[in-house]
Amino acid sequence: MFFRYVAFHYLKNIIIILMGLTGLFTGLDYLMNASSLNSFNIKVLYLFSKWEESLNLLYPLAIILGGIWTKIAFIKQNAVGSFYALGLSRKEFFRPFFVVGLSVYFLFLGLNFTSFATAHDTAKRIKKSEYGMSKTEDLFFKYNESFVYIRALLPEKYKLEGLTIFKMENGAVTATFSAKEAWFNLSEWVAIDVVKKSKLLKENGEYLKVEVIDVFHTLKGYEPKILKSIYDGKELTLFDTIRAKRLLENQGLGTDALRADIYGKVFTPLFSIALLMILIFRFPFHARYMNIATTTTKALGGTLFVWGILFALKGIGATGTIVPEIALILPVILLWGYAFYTLSQSDKRI
C-alpha cells in the first residue's frame, strides 16, 4: 500500500513536470520557427518531432525534479514523519522512487532503439521542407585496404551513383573499380558492369589493363542510413549507432562521436537516479529541520548545474578532446559512488 501510494504521486509529478518542460521547450522553438513552416499539417509534424526531441533531452531532469517535488510535498504534509513512525526506514522510503525512476529510464532507453531517437533530424528536414528523398554528395572514405568515392548517395532508394574504389598497395593505387550505380542488397552493395582498370608490370614497361566485371560485391556492412549518418552528421537509433561503431572500429577509424552518442543515451541519464538518491537522503524528514524555500532552491540549482556539466561533457567527448569514457562514464560512476555513500550514511541522519 505504501509503495503504490508513493509511486503513484511520484509518477504523477514526473509526468506533470515532463509535460511542462517539454511544452515550454517545444512552444519556444515553435514561436521562433513557425513563420518558416508552410501549412498546418507541417506545423503539427514539426511540433510533434520537437516534442519527441525534448522528451529525450529532458526526461532525466523530470526524474529528479519529480522526486524533489514529491519529497517536499510529503514533508509539508508531515507524511514523511508518519511513514518513519510506522517503522519504515529511509531505504524503504526511497524504494518507490528508485523503481519508478529506473522504469522511466528503461522506457526511454527502449525508445532510443526506434525512430524516436532521430526526432531532431526529422524536425530539421521538416523545417527545411525536405519531405522527399534526401541526397548526400561527394563521400570519400576508407574501406579495408582501399579508398572509396561516391558521387551521390540516395539512402531511401538504397542506391548510390558514381562509385569509384581505389585499391591500394604499399601506398600506391594498383587498381580502380568504377560503376555508374550500385544497389544495397541485404548486407552489401552490388554493382553491375563495373569497369576495372589495373596496372600490369612487364619486362618492357607498364601497361593498363581494362576489363568489365558483370557483378561486383563491395562495402559489406555499410547500410545506407549508416553511411549517411557517419558522413553527413545524421542521427541514428541506438542499435544502428552500435553497429556503426563496430563497423568503423573494424576499419580502424575514429569512433569518438559514436561512442559519445551511445554513452550519452545509455549511461548519462543514470545520473538522475544517483542524484535523486542523494537528494532524497539529504532532505530532513520534517519541515522544522529545514528551510523549505532555501533547500528547494539549492536542490534545483544543483540539479541544473550537474545536468549542464554532463551535457557539456557529451559535446567535448564527441569531438575527441576528452576520451568519451572519461568525459561521460567516469562522472556518472563518481556520482553513483557518492550516492551509495549517502545511502550508507542515511540511517545516521535525522
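Residues numbered from 1 in each chain as written. Predicted model: local features only at pLDDT ≥ 70, side-chain atom pairs only at ≥ 80, totals over all residues. Heavy atoms only, no water.

With that settled, the discussion passes to the packing of helix α9 (residues 271-282) against helix α11 (residues 324-345). Interaxial distance between α9 and α11 falls to 9 Å at its minimum, and their mutual angle equals 25°. By the angle between their directions, the pair α9 and α11 is classed as roughly parallel. Crossing angle aside, the handedness with which α9 passes α11 is left-handed. Taking contact as the criterion, the partners of Phe271, Ile273, Ala274, Leu275, Met277, Ile278, Phe281 and Arg282 in α9 are, on α11, Val332, Leu335, Trp336, Tyr338, Ala339, Phe340, Thr342 and Leu343. Residues that form the contact of α9 with α11 fall into these classes: 14 nonpolar, one polar and one charged. (Axes fitted to C-alpha atoms, helices over the stretch in contact; angles between N-to-C directions. Helix = DSSP H or I, 4+ residues; strand = E, 2+ residues; numbered from the N terminus. Parallel < 35°, antiparallel > 145°, perpendicular 65-115°, else oblique. Left-handed = near helix turned anticlockwise from the far one by under 90°. Contact = heavy atoms within 4.5 Å. Nonpolar A, V, L, I, M, F, W, Y, C, P; charged D, E, K, R; others polar.)

What follows deals with the side chain of Ser49. Relative to the helices and strands, Ser49 resides in helix α2 (residues 40-76). Not counting residues up to four positions away in its chain, the partners in contact with Ser49 are Ala119, Thr122, Ala123 and Ile126.

On to the environment of Ile273. Along the chain, Ile273 falls in helix α9. Since its relative accessible area comes to 0%, Ile273 is described here as buried. Separated by 63 residues in sequence, Ile273 and Trp336 place their C-alpha atoms 8.5 Å apart. Not counting residues within four places of it along the chain, the set of residues in contact with Ile273 comprises Ile63, Phe94, Phe98, Gly101, Leu102 and Trp336. (Buried < 20%, exposed > 50% of the residue type's maximum accessible area, 1.4 Å probe, protein only.)

This structure, assessed with the given rule, holds 14 salt bridges. Ionic pairing is found between Glu181 and Lys159, a salt bridge with its closest N-O pair at 3.2 Å. With Glu181 in strand β4 (residues 172-185) and Lys159 in strand β3 (residues 159-169), the pair connects residues that are 22 residues apart, well separated along the chain. Lys159 sits in the buried class, given a relative accessible area of 12%. Asp240 is the salt-bridge partner of Lys225, the closest N and O atoms lying 3.0 Å from each other. Here Lys225, found in helix α6 (residues 224-232), pairs with Asp240, found in helix α7 (residues 238-250); they are 15 residues apart in sequence, far enough to count as distant. Judged by relative accessible area, which is 44%, Lys225 ranks as partly exposed. Classification of Asp240 by relative accessible area gives buried; the value is 5%. (Salt bridge = Lys/Arg side-chain N within 4 Å of Asp/Glu carboxyl O.)

With that settled, consider the pairing of β4. Sheet faces and side chains relate simply in a regular strand, where the side chains alternate between the two faces. By the bridge criterion, ten bridges tie β3 to β4 in an arrangement that is antiparallel. The residue of β4 that forms the bridge with Phe166 is Thr176. Between the antiparallel neighbours β3 and β4 lie two residues, among them Asn170 with a positive phi of about 55°. (Pairing = 2+ DSSP bridges.)

Here the distance between the centres and the angle between the planes together describe a pair of aromatic rings. One pass over the full model with this rule turns up 21 aromatic pairs. One aromatic cluster in this structure is built from Phe2, Tyr5, Tyr10, Phe74, Phe93 and Phe97. (Phe/Tyr/Trp six-rings, centres within 6.5 Å; stacked < 30°, edge-to-face > 60°.)

What follows concerns the side chain of Thr218. Within the fold, Thr218 resides in strand β6 (residues 205-218). According to the relative accessible area criterion, Thr218 is buried, its value standing at 7%. Discounting residues that sit within four places of it in the chain, Thr218 has contacts with Tyr143, Leu163, Ile165, Glu188 and Trp189.

Let us look at the nonpolar core. Ranked by internal contacts, the top residues of the largest apolar core, which has 57 residues, are Ile68, Phe93 and Phe97. Counting residues per element, the ones that place at least two in this core are α1 (2-33), α2, α3 (79-85), α4 (90-111), α8 (256-266), α9, α10 (292-319) and α11. When neighbours within four sequence positions are excluded, Phe93 is seen to be in contact with Phe2, Lys71, Phe74, Val80, Phe83, Tyr84 and Ile280. Residues Tyr143, Val194, Phe216 and Leu219 belong to the second largest nonpolar core, which totals 27 residues. (Core = buried A, V, L, I, M, F, W, Y, C linked by side-chain atoms within 4.5 Å.)

Right, let's talk about α11 for a bit. If you check α11, its first and last C-alpha atoms are 32 Å apart, about what 22 residues at 1.5 Å a residue would give, namely 32 Å. The largest bend along α11 reaches roughly 30° and is located at Leu330, with the proline Pro331 sitting one to four residues downstream. Along α11, the positions that sit buried rather than exposed are Pro324, Ala327, Leu328, Ile329, Val332, Leu335, Trp336, Ala339 and Thr342. (Expected span 1.5 Å × (residues − 1). Bend = angle between axes of the 7 residues up to and from the residue.)

Here the focus is unusual backbone geometry. Phi is positive for Asp138, close to 55°, though the residue is something other than glycine. A positive phi is found at Asn144, a non-glycine position, where the angle reads about 55°. Among the secondary structure elements, Asn144 is positioned in the loop between β1 (136-143) and β2 (146-154). In this structure Asn144 comes out as partly exposed when scored by relative accessible area, which is 38%.

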